[in-house]
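Topology and contacts: notes
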Amino acid sequence: MAKVENSMTRVVLEPHAQFDLAAHSRASSIRSLAIATLPNPKRHRTTFLYVGTHSGTLFSLSADSNDNDAAQNDNAVLRKLSFLRSVSVSDAAVESISVIEEFGKVLLLSDGALFLVDSELSNRASKLSFSKGVSLVARRRFRNGESEGLGSGLGSGSGLGLFQKLGGVREVQSEGACVFALVVGKRLILVELVLGNRNGKSERDDGGGGALVALKEIQCVDGVVSAMVWLNDSIIVGTVNGYSLISCVTGQSSVIFSLPDVSRPPRLKLLHKEWRVLLLVDNVGVIVDAHGQPVGGSLVFRYGLDSVGEIDSYVVVVSDGKIELYHKRNGSCVQVLPFGGEGVGRCVVASEEDRGGRLVAVATATKVVCYQKLPSVEQIKGLLRKKNYKGAISLVEELESEGEMSKDLLSFVHAQVGFLLLFDLHFEEAVDHFLLSETMQPSEVFPFIMRDPNRWSLLVPRNRYWGLHPPPAPLEDVIDDGLMTIQRASFLRKAGVETIVDNDLFLNPANRADLLESAIKNISRYLEACREKDLTQSVREGVDTLLMYLYRALNCVEEMERLASSTNWCVVEELEQMLEESGHLQTLAFLCASKGMSSKAVHIWRILARNYSSGLWKDPTLENCTEDSGENLISGRAIAATEASKILEESSDQDLILQHLGWIADISQVLAVKVLTSDKREIQLSPDEVITTIDPQKVEILQRYLQWLIEDQDCNDTQLHTLYGLSLSKSAIEAFESENVSESLDSGNTETRSLDTLKKSIFQIPVRERLQIFLQSSDLYDPEEVLDLIEGSELWFEKAILYRRLGQETLVLQILALKLEDSEAAEQYCAEIGRADAYMQLLEMYLDPQDGKDPMFTAAVRLLHNHGESLDPLQVLEKLSPDMPLQLASETLLRMFRARVHHHRQGQIVHNLSRAVDIDARLSRLEERSRHVQINDESLCDSCNARLGTKLFAMYPDDTVVCYKCYRRQGESVSVSGRNFKEDILIKPGWLVSR
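This text gives an overview of the structure that appears in the document. Nothing here was measured: the structure is a model prediction, and the numbers come from that model.

Core analysis: the largest hydrophobic core is formed by 158 residues, its most contacted members being I380, L527, W605, W663, L843 and Y846. Ranked by the residues each element gives to this core, the list is headed by helix 4 (residues 407-423), at nine residues. Non-local contacts of L527, meaning those with residues more than four positions away in its chain, are made with V445, F446, I449, V543, L546, L547 and L550. With 30 residues, the next largest nonpolar core counts L271, W275, F301 and V308 among its residues.

Here's what the structure looks like:
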């Protein structure tokens, strides 16, 4: 019935009704045609067709539909054209018909005269008194908001505005007025049609019908005007020479363009929807605006044409018994419909002159055929019923690009096409359409994943769309039904029965398993996209929970764990049994942790670690690892401990932490320490409970925890300080005794070797160095208790530190000088004591070490060289051993005596000068200098501001003082002030030693 010329299978018009003029007037043939929708007392509005014949008769036809309110319902289908009545106009042909809808009148042009008739044709045609010889009539048309009037009617206000523009001298005498342009010979006359009686006026009356009042006369262009359109304040006329634009205000004319010497007569068509004018040159249509300027591209028609019409976004042309539809925007030929056969003669087309027109009427000499615009939705439905998805999709895309489909309807169609494709087992294409639908709800796919009833059954909208597909069912059932349909179609086709089934699947049937996998993957893809949308909480729960079901069906472990460990809305109770039965305990652990179920999550990780150790469970992500490598085992245990420790680091549940600390420590002591020393928890753990819980065999965990308490948390508990010192001392003794023993067990066991490789060292500093730093930096531990532990060991330096704490100066010097033979340390300690007898005591130890040791003459000479000036020479001579080589002591002794004399003389000079020097100023300077070097129990570290007390400290050349802990961190080259003494050497006068 409707032939389509392009690949999009587009159908715009369908014939619905026709009228045979020969059955009513055998002697007449059709000359003109018009369509109008007019008010009707019985019904809201009625569509009328007016047919003008060559014999001068006007017929009126009623376009009846199957809806009582057809004008308000675009889906109302036209049933027939009913003949109403006819009226005789003149003896000549009715050349043109102008329907004045707002006043229920019809203006006719016949034999050069104008006639007015009622729209119902209830009275005879009244001839309007006006000059004869009228060849063309064009009514002035307004676009809303662009002129002084709305619509095409002119009230008193709009008419007065027009008269003011035209410079008219007449006043509007009635409220009902219409303005027309008439071509009379070479004159263009602008007239007003005034309806009703005009009593007392000089103009001749039409007997109550109406009268024409001349407003302005304009000299027309050269040539016979055969086409005319009046748009706003411009009149476009066409002659054999070309098209011109005439201003109805100024009367000036300008040429738009000229026609070739040999061309068809000019034709004009007002395009109401765009409010532009179509100018035809042979088979080419040029669209111009109200100023005559070309707009957009040209329309190229394939054949010559007899008449032009318009419907929606299309131009309708008729010629030689065919109707052609061209899209205004791209100029493509959308549809071709034959209606009269070849050789039917001249054809006329008429369309409704409003933007919402839905009818087109085409007339031959004796027949009128009405075409109605087919709703796009109905055509899409038809294509979908025939399984022509590509055609339907192409049509949808075309309608979208042309702006003929609303966003909501477009989304609706995408969803409908998606469901049809899904039931036809095209899952990827179906989901593509689901994603293009902005209105489709994620809950609409829930029934395809989980059988009803379920937690989310009430969320599923009961929308059957157009009823073209079955109700939702689980994917397995959809696939089984689809394969059964294909199998049934195969039998029917063999029997010669045509069936509508997808040819791709019919010719290349797919495997059920492959189809199910494809369905799950693509539905998962849709739910993943839905997670980014703004959904209600219940829908979010359904999306994430069912997405986990789909991942499980495909055994996508990585995707499951990624979803479970991220922010999600999964319902744990819906997934717990499934994950446990399928062995995806890691996913369940991640899920419980993300939901704040810390206890359950850590318990699952403990089970996994135990199952790894016993070989009862393997990590699915490491299934490719060789069984004898132990890689699966170690990786699994490490993952379990790591994930459990992450949870415990943020937990403040002390019972939970201490309950699981043991098995984590068995796998990694580093992780156990991270759990105990975490600063992520709001409430810290009780040290006493932690210390009690730590395995005595895990000494490093205890030491690292105590170190964290003391150094990072500034714990002042003397018991904890003492415990830390005792633990370090015990470890130092063991390390010293097993100095040559390998740190790792020499075992051929792969698991042990791998665990040693995995294990990270907690301490980077050897235990003895840590012990020495602690013993010197802390003043809260019990030195006697620590000393009792190391008394019988070889930790002499540590003993020296402890004896120093206890004030045992002699024992400290003995250890430094005799046991450790560290002369520098011994001299430094003497300096700390600050008494001259300390150096003498040290000299005695060097000269008489006892216990059968030989005298330490070299150390004694060094002492005399560095500090001889502080010693009494006579006492030194008395202490010197007769066995001491003279060459070692002579030079040193000589320098001692010289220094002694020098200092004596220097003292006398100072004493004499003190009388001439201001004592107060000198004391002030001395006090200022001493302020930088004086250290007492209240002195503070210049770096960390900790009280030095009896701690070990260091002083830089710039007089800055830091504790030993900061000194270890700062180094000896750069002070707290930032000065680098290697690059910027500092020399003070007081350092110089003179003889």
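In this structure the tally under the stated criterion is zero disulfides. For the unlinked cysteine C963, the closest cysteine sulfur is that of C966, found at 3.5 Å.

Moving on to the sheet that holds strand 21 (residues 299-300). The strand order across the open sheet built from four strands is 18-19-20-21, with neighbouring strands paired in antiparallel fashion. Looking at which strands have only one partner, the edges of the open sheet turn out to be strand 18 (267-271) and strand 21. Pairing analysis gives two bridges linking strand 20 (residues 284-288) to strand 21, with the strands arranged antiparallel. Within the sheet, the bridge partner assigned to G285 lies in strand 21 and is L299.

A few words on unusual backbone geometry. Of the consecutive residues D452 and P453, the connecting peptide bond is found in the cis state with omega at -10 degrees. The phi torsion at W275 lies on the positive side, around 60 degrees, for a residue other than glycine. By the secondary structure assignment, W275 is in the loop between strand 18 and strand 19 (276-281). With a relative accessible area of 7%, W275 lands in the buried category. In this structure, L425 is a non-glycine residue whose phi angle is positive, near 70 degrees. Secondary-structure assignment places L425 in the loop between helix 4 and helix 5 (427-436).

On to the packing of helix 19 (residues 718-737) against helix 21 (residues 767-777), then. It is the contact of helix 19 with helix 21, at a shortest axis distance of 9 Å, that shows an interaxial angle of 150 degrees. The two elements helix 19 and helix 21 cross, and the hand of that crossing is left-handed. Taken together, the residues of helix 21 that come into contact with helix 19 (itself represented by H721, Y724, G725, L728, S729, S731, A732, A735 and F736) are V767, R768, R770, L771 and F774.

Moving on, we come to helix 26 (residues 836-847). The end-to-end C-alpha separation of helix 26 is 17 Å, in line with the 16 Å expected for twelve residues at 1.5 Å each. By the burial criterion, the buried members of helix 26 are A838, Y839, M840, L842, L843, M845, Y846 and L847.

In this description, a pair of aromatic rings is defined by centroid distance and the angle of the planes. In total, this model carries 18 aromatic pairs according to the counting rule given. Relative to Y326, the ring of F301 lies with its centre 4.8 Å away and its plane at 75 degrees, an arrangement referred to as edge-to-face. You can see F301 sitting in the loop between strand 21 and strand 22 (307-311) and its partner Y326 sitting in strand 24 (residues 322-327), a full 25 residues away along the chain. Among the residues examined, F301 registers a relative accessible area of 1% and is labelled buried. Joined through ring pairs, the aromatic side chains of F412, F419, F423, F434, F448, Y465, W466 and Y526 make up one cluster.

A separate point is the sheet that holds strand 25 (residues 333-338). Strand pairing in a sheet is mediated by backbone hydrogen bonds. Such pairs are either parallel or antiparallel. Pairing in this open sheet of four strands is antiparallel, and the strands run 22-23-24-25 from one edge to the other. A strand with exactly one partner marks an edge of an open sheet, and here the two such strands are strand 22 and strand 25. Each adjacent strand pair in this sheet contributes to an overall mean axis angle of 20 degrees, direction not counted. As paired elements, strand 22 and strand 23 (residues 314-319) share five bridges and run antiparallel to each other. Note on strand 23: the bridge partner recorded for E310 is V315.

Summarising burial for strand 8 (residues 113-118): six of the six residues are buried, a large majority. Residues A113, F115 and V117 line one face of strand 8 and the alternating positions L114, L116 and D118 line the opposite face, and both faces are buried. Sheet analysis places strand 7 (residues 105-110) next to strand 8, joined by six bridges and oriented antiparallel. Bridge assignment links L109 to a residue of strand 8, and that residue is L114. Linkage of strand 7 to strand 8, two consecutive antiparallel strands, is achieved through a turn of two residues, within which D111 is found at a positive phi near 55 degrees. Pairing geometry for strand 8 and strand 9 (residues 126-127), over two bridges, is antiparallel. What sits directly across from F115, in strand 9, is K127.

So, on to the pattern of salt bridges. All told, the structure shown has 29 salt bridges when counted by the stated rule. The salt bridge partner of R140 is D233, with a shortest N-O separation of 2.1 Å. Taken together, the residues span a long stretch of sequence, with R140 in strand 10 (residues 134-141) and D233 in the loop between strand 14 (227-231) and strand 15 (234-238) at a distance of 93 residues. Relative accessible area serves as the criterion here: at 1%, R140 is assigned to the buried category. A salt bridge links E827 to R862; the shortest N-O distance between them is 3.1 Å. With a gap of 35 residues between them, E827 in helix 25 (residues 823-833) and R862 in helix 27 (residues 857-867) connect regions that are remote in the sequence. For E827, a relative accessible area of 5% gives the class buried. Ionic contacts of the salt-bridge type, sharing partners, join the residues K273, D312 and K373 into one network.

Rules used in this analysis
Residues numbered from 1 in each chain as written. Predicted model: local features only at pLDDT ≥ 70, side-chain atom pairs only at ≥ 80, totals over all residues. Heavy atoms only, no water. Core = buried A, V, L, I, M, F, W, Y, C linked by side-chain atoms within 4.5 Å. Buried < 20%, exposed > 50% of the residue type's maximum accessible area, 1.4 Å probe, protein only. Helix = DSSP H or I, 4+ residues; strand = E, 2+ residues; numbered from the N terminus. Contact = heavy atoms within 4.5 Å. Disulfide = S-S within 2.5 Å. Pairing = 2+ DSSP bridges. Axes fitted to C-alpha atoms, helices over the stretch in contact; angles between N-to-C directions. Left-handed = near helix turned anticlockwise from the far one by under 90°. Expected span 1.5 Å × (residues − 1). Phe/Tyr/Trp six-rings, centres within 6.5 Å; stacked < 30°, edge-to-face > 60°. Salt bridge = Lys/Arg side-chain N within 4 Å of Asp/Glu carboxyl O.

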